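Spelled out, the chains give:
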Amino acid sequence: MFGFFYPYGVLLQAVALLHFVRRRPDTYWLFIILMGGAIGALVYIVVQVVPDAGLLRGAFQVFPRRQRIRELEGAVLDNPSIGNYEELGELYLDDQQFARARACFDRVIAKSDSIDPFYRRALCAMALDDFAAARSDLDVVVARDPKYDYQRAAGLLAHAVAKVGEPEKAHALFADVLQTSTLSETQYNYACLLAASGRAADAREWAERILRKKATMPDYIRRRERPWFRKAAALLKHLPRA
């Protein structure tokens, strides 16, 4: 069996280790990769790497997306329609070109009363650390639809309010949205606010609540939530124990 894998076993282990470092699944997988050799690495790839392929779909769309961006950059010169600018803004946002995306949504908002461009412009502003602008746009969104994007807009509004230096109002907004929202992003941002406010025990409770989800989540959701699990675990390490 080992002869069958040679010399590809080393390559399998390298692929498995690279994925482990980037995605950080449960620690016991590291021992399976290292101690199990090629077979352990193969098991890891089948169980962890293959299902993760769906999460990498966006990475494989980079070149088609950028080709479409170039097409729209030319199109808006001749046809500066709201539709063209909105699509271009969304593509820039997906491509993490936040300043360009925000400029596109500025043009859309000037001629449209839809709340979606306000929301997406807020996402750009937050990525650029312009929380005052994000707060203004999110105020518009949440006022018209408090449950927009599965209450993510309301959670981000609370986060933006905290970032602009209004902790008391932010606490109230978080308390309201977290009555019904279970988004890990919102829970993590609230835990950070609690930690910054000197409420370490409460911050620890919310961070632990995020990590407890791992036990009951389906595998595909657990993979998507890994960044928040890592952030929650890192926050716990820095919180003092009672």
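Residues numbered from 1 in each chain as written. Predicted model: local features only at pLDDT ≥ 70, side-chain atom pairs only at ≥ 80, totals over all residues. Heavy atoms only, no water.

K.L.:
Before we go on, may I ask you to explain the overall build of the protein chain in this structure?
P.N.:
What the protein chain contains, in helices and strands, is 15 helices and 0 strands. Counting every position in the protein chain, which comprises 242 residues, the buried fraction comes to 40%. Looking at the protein chain alone, contacts between residues at least 24 apart form 48% of all its contacts between residues at least 6 apart. Surface accessibility of the protein chain: about 14,000 Å² in total, with carbon and sulfur atoms responsible for 57%. (Helix = DSSP H or I, 4+ residues; strand = E, 2+ residues; numbered from the N terminus. Buried < 20%, exposed > 50% of the residue type's maximum accessible area, 1.4 Å probe, protein only. Contact = heavy atoms within 4.5 Å. Areas by Shrake-Rupley, 256 points an atom, 1.4 Å probe, with all protein chains shown as cover.)

K.L.:
Explanation requested: helix H7 (residues 98-111) in the structure shown.
P.N.:
Because the α-helix completes a turn every 3.6 residues, residues three or four places apart line up on one side. Compared with the 20 Å implied by 1.5 Å per residue over 14 residues, the 20 Å span of H7 between its first and last C-alpha is a close match. Taken together, the buried positions of H7 are occupied by Ala101, Cys104, Phe105, Val108 and Ile109. Along the axis of H7, the buried positions cluster into a sector of 140 degrees, meaning they face one direction only. For H7, the exposed residues lying more than 90 degrees away from the buried face are Ala99, Ala110 and Lys111. Of the surrounding secondary structure, the elements contacted by the buried residues of H7 are helix H6 (82-94) and helix H8 (116-127). (Expected span 1.5 Å × (residues − 1). Arc of directions from axis to C-beta.)

K.L.:
Even after reading the chapter, I still don't get the nonpolar core, so can you show me in this structure?
P.N.:
When a protein is soluble and globular, its nonpolar side chains tend to lie buried together. Of all hydrophobic cores here, the largest spans 56 residues; its most connected members are Leu88, Tyr119, Met126, Leu138, Val141, Ala153 and Tyr190. If we skip the residues at most four places from it in the chain, Tyr190 touches His171, Phe174, Leu178, Arg199 and Trp206. Ranked by size, the runner-up nonpolar core spans 8 residues in total, among them Leu12, Trp29, Ile33 and Tyr44. (Core = buried A, V, L, I, M, F, W, Y, C linked by side-chain atoms within 4.5 Å.)

K.L.:
Even after reading the chapter, I still don't get the pattern of salt bridges, so can you show me in this structure?
P.N.:
Pairing is possible between side chains of opposite charge, provided their charged atoms come close. Counting across every chain of the model gives 15 salt bridges. The partner of Glu166 in a salt bridge is Arg135, with the nearest N and O atoms 2.6 Å apart. Of this pair, Glu166 sits in the loop between helix H10 (152-163) and helix H11 (167-177) while Arg135 sits in helix H9 (residues 131-144), placing them 31 residues apart in sequence. On the accessibility criterion, Arg135 (17% relative accessible area) is buried. A salt bridge links Arg209 to Glu205; the shortest N-O distance between them is 3.3 Å. (Salt bridge = Lys/Arg side-chain N within 4 Å of Asp/Glu carboxyl O.)

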